[in-house]
Amino acid sequence: MKKAVLSVALFLLSFTVFTFTSCEKHVVPREVELILINPNTGEPVENGDTVILPDERTVIDAKALDKETGKILTSEDLKFETIGRSLRVYLCPIVDGKLGATMTNYLWPTREEVNKIMSIYGSDEYEMMLSFDCRPDGAGENFVRYYEMKTIYIRFYIAVPNDKEGTESNN
């Protein structure tokens, strides 16, 4: 009798462990939507938009949203990584119709940088790459991805106001 009870208990324990570990591997990653925020308006930047150059040292604001719920993802939503390490931004000027060198990773360019590109190349067009991947470095083969990887590219123009104070007072 003890052997039968022990066998049933071991079977139930094995079945439970197997069920929970195998379910974990069959998670369907949720889709994400990536948006770049206009530093002046707080609205999403779309292809072809013009962004007025913000104050120097302004951080580029990008968001990853759970596409199903519309909720902005935070580090608490990602089981094994932070949002800061999962969402990357790269800004490049468009020079002669091609991507130039990456200017910055997380700050809007300075007035001097934008003016230099304009004077040398005559270009005020830029491309922002937003890339999301919540897989931590060194994750093993058993890593479960809860959100899909995604990369988008947004082409837009940067305008440098002639008189910064006058521009701000007109808004």
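Structure first, text after, so check above.
Quick caveat: nothing in here was measured; it's all calculated off a predicted structure. (Residues numbered from 1 in each chain as written. Predicted model: local features only at pLDDT ≥ 70, side-chain atom pairs only at ≥ 80, totals over all residues. Heavy atoms only, no water.)

A. Inspection of the overall build of the chain at higher detail. Across its full length, the chain carries 4 helices and 7 strands. Relative to its full complement of 171 residues, the chain shows a buried share of 31%. For the chain, the proportion of contacts with a sequence separation of at least 24, taken over those separated by at least 6, is 70%. Surface summary for the chain: the accessible area is close to 11100 Å², and the carbon and sulfur share equals 55%. (Helix = DSSP H or I, 4+ residues; strand = E, 2+ residues; numbered from the N terminus. Buried < 20%, exposed > 50% of the residue type's maximum accessible area, 1.4 Å probe, protein only. Contact = heavy atoms within 4.5 Å. Areas by Shrake-Rupley, 256 points an atom, 1.4 Å probe, with all protein chains shown as cover.)

B. Layout of the pattern of salt bridges. Counted by the stated rule, this structure contains 9 salt bridges. Salt-bridge contacts for Lys67 lead to Glu31; the nearest nitrogen and oxygen are separated by 3.8 Å. Pair noted here: Lys67 is in the loop between β3 (62-66) and α2 (83-86) and Glu31 is in the loop between α1 (2-24) and β1 (32-36), with a separation of 36 residues, a long-range link. What makes Glu31 partly exposed here is its relative accessible area of 43%. Across the salt bridge formed by Lys63 and Asp61, the nearest N and O atoms sit 3.0 Å from each other. A residue is classified by how much of its surface remains accessible, and Lys63, at 24% relative accessible area, is partly exposed. Of the residues examined, Asp61 reaches a relative accessible area of 29% and is grouped as partly exposed. (Salt bridge = Lys/Arg side-chain N within 4 Å of Asp/Glu carboxyl O.)

C. The nonpolar core, seen in detail. With 30 residues, the main nonpolar core has Leu36, Met128, Leu130, Phe132 and Phe156 as its most contacted residues. Breaking this core down by element, the ones donating at least two residues are β1, β3, β4 (87-95), α3 (111-121), β6 (125-132) and β7 (150-159). (Core = buried A, V, L, I, M, F, W, Y, C linked by side-chain atoms within 4.5 Å.)

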